[in-house]
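# Working through the structure, step by step
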Amino acid sequence: MEFDFAEEQPKFLMLMYGLIAFVAVVGGLLLLLDVVPAWFTRRREAQLVAASASGAPLPRRSRQREGIFALFFMLPTVLLLTIGLVVPAIRTTLLSLMDKDSNEWVGLANYRWMFSDDSIVRVLTNSLIWVILVPLVATGFGLLYAVLVDKARFEAVAKSLIFLPMAISFVGASIIWKFVYAYRGDGDQIGLLNHIVVSLGGEPKQWLLESPLNTLLLIVIMVWIQAGFAMVVLSAAIKAIPADIVEAARLDGVSPWQMFWQITMPTIRPALIVVVVTLSIATLKVFDIVRTATNGNYDTSVIANEMYNQAFRYGENGQGSALAVFLFILVIPIVIYQIRNLRQQREG
């Protein structure tokens, strides 16, 4: 097939515009964060040298100038947050109060639909199951593994094995587990789970079609990925326990079980909270696993997946935006709790 440059010219122009915009944005940020501050620094140093040479008192910066200087450094972050977070959040909230074509105001009708439609109530229930089970189970497995392999002979290798799934994308992990759950009629089973069931004398099943079992099987994928994250954080917290506390407890004759509940758990509590909060937020936003494994069918959909379906597949901008706002509202209390927890740790 012969390449026609004239036909592809609009694509090349679009690519060129994208490259120019990228260079302009990156160059502007470098100018703001490197060149300009360096110029102010050199100017300040020159003033100090001149004052020292002449014997004059050293110039002092006024609070107003320091405030302007701090604002200058914050400006890129504030600008990016405004463009990437604040403006979209406001726009999505307004769209959630309008009809599917975003032409007429409908008030809270989209939110009433969310809690009255049986299929959406099922979606909310699934999301609740995810956000309860994934953080607890993943943190539990991570903590158990961190305690068991702590100071073991092959600790590094053992930790690497459970951390490896973190290097796989959610889509890749979902494809892998779809092969685990695969079903092939009455013939030879290529799915690991069905192969085990058949080997034990059972009947193969279409695992991802049976509700609510399919939701639990999708949760297994998320736990498999995130347990490595929990293990790494909690293992680091366990190793940070002061050796003198551990030695004193052993001299007092505490059992391993008492050591775990009376020494280890209270000491690593801040790390546990961080892990649970992080996994809770990640679970609320889960989309890739459900989208790849079942496409949200067979009563497996969650908020993020349904938000995508309503807004981009069904053309229901108002309902999709309402789901997005509701998801944002669910994340806010978790974030506030984490901020308060971190503040208390600093003050303590």
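Scroll up to find the structure this text is about.
Scope of this entry: the structure provided in the associated data block. (Residues numbered from 1 in each chain as written. Predicted model: local features only at pLDDT ≥ 70, side-chain atom pairs only at ≥ 80, totals over all residues. Heavy atoms only, no water.)

Within the protein, the secondary structure is distributed over 14 helices and zero strands. Each helix and strand of the protein, placed in order from N terminus to C terminus, yields the pattern α-α-α-α-α-α-α-α-α-α-α-α-α-α. Compactness check: the protein gives a C-alpha radius of gyration of 28 Å against a globular reference of 20 Å for 348 residues, more than 25% above the reference. When burial is assessed residue by residue, the protein has 31% of its 348 residues classed as buried. Restricting to contacts in the protein with at least 6 residues of sequence separation, those with at least 24 account for 63%. As presented, the protein carries roughly 22100 Å² of accessible surface, and 67% of it is formed by carbon and sulfur atoms. Across the protein, 27 positive and 26 negative side-chain charges occur, with their mean positions spaced 13 Å apart. (Helix = DSSP H or I, 4+ residues; strand = E, 2+ residues; numbered from the N terminus. Rg over C-alpha atoms; globule rule 2.2 N^0.38 Å. Buried < 20%, exposed > 50% of the residue type's maximum accessible area, 1.4 Å probe, protein only. Contact = heavy atoms within 4.5 Å. Areas by Shrake-Rupley, 256 points an atom, 1.4 Å probe, with all protein chains shown as cover. Lys, Arg positive; Asp, Glu negative; His and termini not counted. Charge placed at Lys NZ, Arg CZ, Asp CG, Glu CD.)

Omega for the peptide link from Ser-211 to Pro-212 comes to 5°, which places this bond in the cis form. Turning to its location among the elements, Pro-212 is positioned in the loop between α7 (192-199) and α8 (213-239). Within the chain, Ser-102 stands out as a residue other than glycine whose phi angle is a positive 60°. Its place among the elements puts Ser-102 in the loop between α2 (63-95) and α3 (109-116). On the basis of relative accessibility, which here comes to 23%, the residue Ser-102 falls in the partly exposed class. Positive phi is not limited to glycine here, since Tyr-298 has a value of about 60°. Within the secondary structure layout, Tyr-298 lies in the loop between α12 (288-293) and α13 (303-313).

As a packed pair, helix α11 (residues 269-284) and helix α14 (residues 317-347) sit with axes 10 Å apart at the nearest point and diverge in direction by 165°. In this view, α11 runs roughly antiparallel relative to α14, as classed from their interaxial angle. Of the two possible hands of crossing, α11 and α14 adopt the one that is left-handed. From α11, Pro-270, Ile-273, Val-274, Val-277, Ser-280, Ile-281 and Leu-284 reach across to α14, where they touch Leu-327, Leu-330, Val-331, Ile-334, Val-335, Tyr-337, Gln-338, Asn-341 and Gln-345. In terms of residue class, the contact of α11 with α14 is made up of 12 nonpolar, four polar and no charged. (Axes fitted to C-alpha atoms, helices over the stretch in contact; angles between N-to-C directions. Parallel < 35°, antiparallel > 145°, perpendicular 65-115°, else oblique. Left-handed = near helix turned anticlockwise from the far one by under 90°. Nonpolar A, V, L, I, M, F, W, Y, C, P; charged D, E, K, R; others polar.)

Below, the discussion takes up the nonpolar core. Trp-130, Leu-143, Tyr-181, Leu-218, Ile-221, Ile-268 and Ile-289 are the most contacted members of the largest nonpolar core, which totals 42 residues. Looking at this core, the elements with two or more residues in it are α4 (118-149), α6 (170-180), α8, α9 (243-251), α10 (256-267), α11 and α12. Among the elements that line this core, the one with the most residues is α8, at 13 residues. Ignoring anything within four residues of it in the chain, the contact list for Ile-221 reads Ala-173, Ser-174, Trp-177 and Ile-289. Among the nonpolar cores identified, the runner-up in size contains 19 residues, and Tyr-111, Met-114, Val-131 and Val-277 belong to it. (Core = buried A, V, L, I, M, F, W, Y, C linked by side-chain atoms within 4.5 Å.)

So, on to the side chain of Ser-280. Here Ser-280 shows up in helix α11. Reaching out from Ser-280, the side chain makes a polar contact with the backbone oxygen of Val-276 at a distance of 2.7 Å. If we skip the residues at most four places from it in the chain, Ser-280 touches Val-131, Pro-135 and Ile-334. (Polar contact = N/O pair within 3.5 Å; in protein donor to acceptor, adjacent residues only side chain to side chain.)

Under the definition given, this model contains eight aromatic pairs. Ring centres of Phe-115 and Phe-326 lie 5.5 Å apart, and the angle between their planes is 85°; this geometry places the pair in the edge-to-face category. A residue pair is termed long-range when its members are at least 10 positions apart, and Phe-115 in helix α3 and Phe-326 in helix α14 qualify at 211 residues. Accessibility expressed as a relative area gives 18% for Phe-326, which makes it buried. Ring centres 5.2 Å apart and planes at 80° place the aromatic pair Phe-260 and Trp-261 in the edge-to-face group. Take Phe-260: its relative accessible area is 17%, and that puts it in the buried class. By the ring-pair criterion, three or more aromatic residues cluster together here, those being Trp-177, Tyr-181 and Trp-224. (Phe/Tyr/Trp six-rings, centres within 6.5 Å; stacked < 30°, edge-to-face > 60°.)

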